[in-house]
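Spelled out from the first residue to the last, the chains are:
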Amino acid sequence: MIIDFLYFQLLIVVLVVMLFASMFRILREYERGVVFLLGRFHKIKGPGFIILIPFVQQMVRVDLRIITMDVPSQDLISKDNVTVRVNAVLYFRVLDPQKAIINIENYLEATSQLAQTTMRSVLGQHELDEILSARDTLNADLQRILDQSTDNWGIKVTAVEIKHVDLDESMIRAIARQAEAERSRRAKVIHATGELEASKQLLEAARMLGQQPEAIQLRYLQTLTEITNDNSKIIVFPLPMELGKILQHITAPPASPKDPQSPKEIT
């Protein structure tokens, strides 16, 4: 009997210790406790040392740090009827622990499902070129829509980033051909622009050379000098009459001055 009584006392002591241990909780700086009193919401406690009344109060821990959630790849059809596979990453945090626990059963699962459906609906309203090039705008639209949708859950969506856009091999080849055609078009435009500028310069040079005929002949000789550098060709060219006159004028001896003592011709 004495041994049974001792065992009973030991059991009572253990239960009392466990009961007192369940009364005390410690919440970290980034944690909050949603306390329920007999099943009804009582208050939000934390951080620090928390005392709960056993069997009367219950507490649910909520993490207030930013949560990084990977949005699974979603198959969608763009506005121009192109099938793509897109995945993203979602950043959010709990602002109101009361709403996150009371208004939604599992805010993590609900936020993930909402992000998937929102990404399919938003990206499906844009063409493929916009999905590939305007990611900043699409990220801002996704963040705004998700933030508005999760406001009643006490969730703040801070950022949404589209990570990968996977395309079929045929679409990749089509985009490569399009890029090649675009580069070819730019090259032709640049070449035509260069030809236009060169023609303007040639027109200006022709006007300047036309003001002085000797300059045209000098340019003609310079051109002949340039084309005679290749000795493997025989070049036959006509000699302009003007060039002969210029050479004759250059090589002619200077006229001797008339002697003032010489007799003048009398007519």
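The rules behind these values
- Residues numbered from 1 in each chain as written.
- Predicted model: local features only at pLDDT ≥ 70, side-chain atom pairs only at ≥ 80, totals over all residues.
- Heavy atoms only, no water.
- Salt bridge = Lys/Arg side-chain N within 4 Å of Asp/Glu carboxyl O.
- Helix = DSSP H or I, 4+ residues; strand = E, 2+ residues; numbered from the N terminus.
- Buried < 20%, exposed > 50% of the residue type's maximum accessible area, 1.4 Å probe, protein only.
- Phe/Tyr/Trp six-rings, centres within 6.5 Å; stacked < 30°, edge-to-face > 60°.
- Lys NZ or Arg CZ within 6 Å of the ring centre and 35° of its normal.
- Polar contact = N/O pair within 3.5 Å; in protein donor to acceptor, adjacent residues only side chain to side chain.
- Expected span 1.5 Å × (residues − 1).
- Pairing = 2+ DSSP bridges.
- Axes fitted to C-alpha atoms, helices over the stretch in contact; angles between N-to-C directions.
- Contact = heavy atoms within 4.5 Å.
- Patch = residues over 30% accessible without salt bridge, like charges linked within 9 Å, V, L, I, M, F, W, Y side chains within 5 Å.
- Areas by Shrake-Rupley, 256 points an atom, 1.4 Å probe, with all protein chains shown as cover.
- Lys, Arg positive; Asp, Glu negative; His and termini not counted.
- Charge placed at Lys NZ, Arg CZ, Asp CG, Glu CD.
- UniProt positions renumbered as here; feature names shortened; annotations may be inferred.
- Parallel < 35°, antiparallel > 145°, perpendicular 65-115°, else oblique.
- Left-handed = near helix turned anticlockwise from the far one by under 90°.
- Nonpolar A, V, L, I, M, F, W, Y, C, P; charged D, E, K, R; others polar.

### Focus: the pattern of salt bridges
Moving on, step 1. The full count for this structure, using the stated rule, is 9 salt bridges.
Moving on, step 2. In this structure, the salt-bridge partner of Asp70 is Lys163, at a minimum N-O distance of 3.4 Å. Pair noted here: Asp70 is in strand S6 (residues 67-77) and Lys163 is in strand S8 (residues 155-166), with a separation of 93 residues, a long-range link.
Moving on, step 3. Residue Asp70 is classed as partly exposed on the basis of its relative accessible area of 49%.

### Here we look at the packing of aromatic side chains
Moving on, step 1. Taken as a whole and assessed by the stated rule, the structure comprises 2 aromatic pairs.
Moving on, step 2. Ring plane angle 20 degrees and centroid distance 5.5 Å describe the contact between Phe24 and Phe49, whose orientation is recorded as stacked. Of this pair, Phe24 sits in strand S1 (residues 24-27) while Phe49 sits in strand S4 (residues 48-51), and the two are 25 residues apart along the sequence.
Moving on, step 3. Among the residues examined, Phe24 registers a relative accessible area of 35% and is labelled partly exposed.
Moving on, step 4. By relative accessible area, Phe49 is classed as exposed at 53%.
Moving on, step 5. In this structure, Arg65 is placed above the aromatic ring of Tyr30, and the distance from its NZ or CZ to the ring centre is 3.9 Å.

### Some points on the side chain of Gln74
Moving on, step 1. Along the chain, Gln74 turns up in strand S6.
Moving on, step 2. Judged by relative accessible area, which is 8%, Gln74 ranks as buried.
Moving on, step 3. Within the structure, Gln74 has its side chain in polar contact with the side chain of Arg120 (distance 2.2 Å).

### Points about helix H3 (residues 107-123)
Moving on, step 1. Here H3 contains 17 residues, and its C-alpha end-to-end distance of 24 Å stays within 8% of the 24 Å for a straight helix at 1.5 Å per residue.
Moving on, step 2. Among all positions of H3, only Tyr107, Ala110, Thr111, Ser112, Leu114, Ala115, Gln116, Thr118, Met119, Val122 and Leu123 are buried.

### Points about the sheet that holds S6
Moving on, step 1. The 3 strands lie next to each other as S6-S7-S8, forming an open sheet whose pairing is antiparallel. Each having just a single partner strand, S6 and S8 make up the two edges of the open sheet. The mean angle between the axes of side-by-side strands here comes to 25 degrees, regardless of whether they run parallel or antiparallel.
Moving on, step 2. The pairing of strand S7 (residues 83-94) with S8 spans 10 bridges and is classified as antiparallel. Within the sheet, the bridge partner assigned to Asn87 lies in S8 and is His164.
Moving on, step 3. Sheet contacts for H3: S6, S7 and S8; angle to S6, the most-contacted strand, approximately 35 degrees.
Moving on, step 4. The sheet contacts of helix H5 (residues 135-149) involve S7 and S8, and relative to S8 the element is tilted by about 140 degrees.

### Examining the sheet that holds strand S3 (residues 40-45)
Moving on, step 1. Overall, antiparallel pairing links the 3 strands, which are arranged S3-S2-S5 in an open sheet. At either margin of the open sheet sits one strand with a lone partner, and together these are S3 and strand S5 (57-63). For this sheet, the mean inter-axis angle between neighbouring strands, taken without regard to orientation, is 25 degrees.
Moving on, step 2. Summarising the sheet, strand S2 (residues 31-37) and S5 pair through 7 bridges and their orientation is antiparallel.

### Comments concerning a negative patch on the surface
Moving on, step 1. The grouping of Asp80, Glu127, Asp129 and Glu130 at the surface amounts to a negative patch.
Moving on, step 2. Summarising the element assignment, Glu127 is placed in the loop between H3 and helix H4 (128-133).
Moving on, step 3. With a relative accessible area of 36%, Glu127 lands in the partly exposed category.

### Quick word on the UniProt feature "transmembrane region" (unreviewed entry) in the chain
Moving on, step 1. Within this numbering scheme, the UniProt entry marks residues 6-27 as carrying the feature "transmembrane region" (unreviewed entry).
Moving on, step 2. Helix makes up 82% of residues 6-27 and strand 18%, whereas the separation of the span's terminal C-alpha atoms amounts to 37 Å.

### What about H5?
Moving on, step 1. With 15 residues, H5 should reach 21 Å at 1.5 Å per residue; the first-to-last C-alpha distance of 21 Å fits that figure.
Moving on, step 2. Of the surrounding secondary structure, the elements contacted by the buried residues of H5 are S7, H3, H4 and S8.

### Let's talk about the packing of H3 against H5
Moving on, step 1. One way to put it is that H3 packs onto H5 with a least axis distance of 10 Å and a crossing angle of 135 degrees. The orientation of H3 relative to H5 falls into the category oblique. Pair H3 / H5 crosses with right-handed handedness. Across the interface between the two elements, Leu114, Ala115, Thr118, Met119, Val122 and Leu123 of H3 pack against Leu138, Leu142, Ile145, Leu146 and Ser149 of H5.
Moving on, step 2. Of the residues assigned to the contact of H3 with H5, the class counts are 9 nonpolar, 2 polar and no charged.

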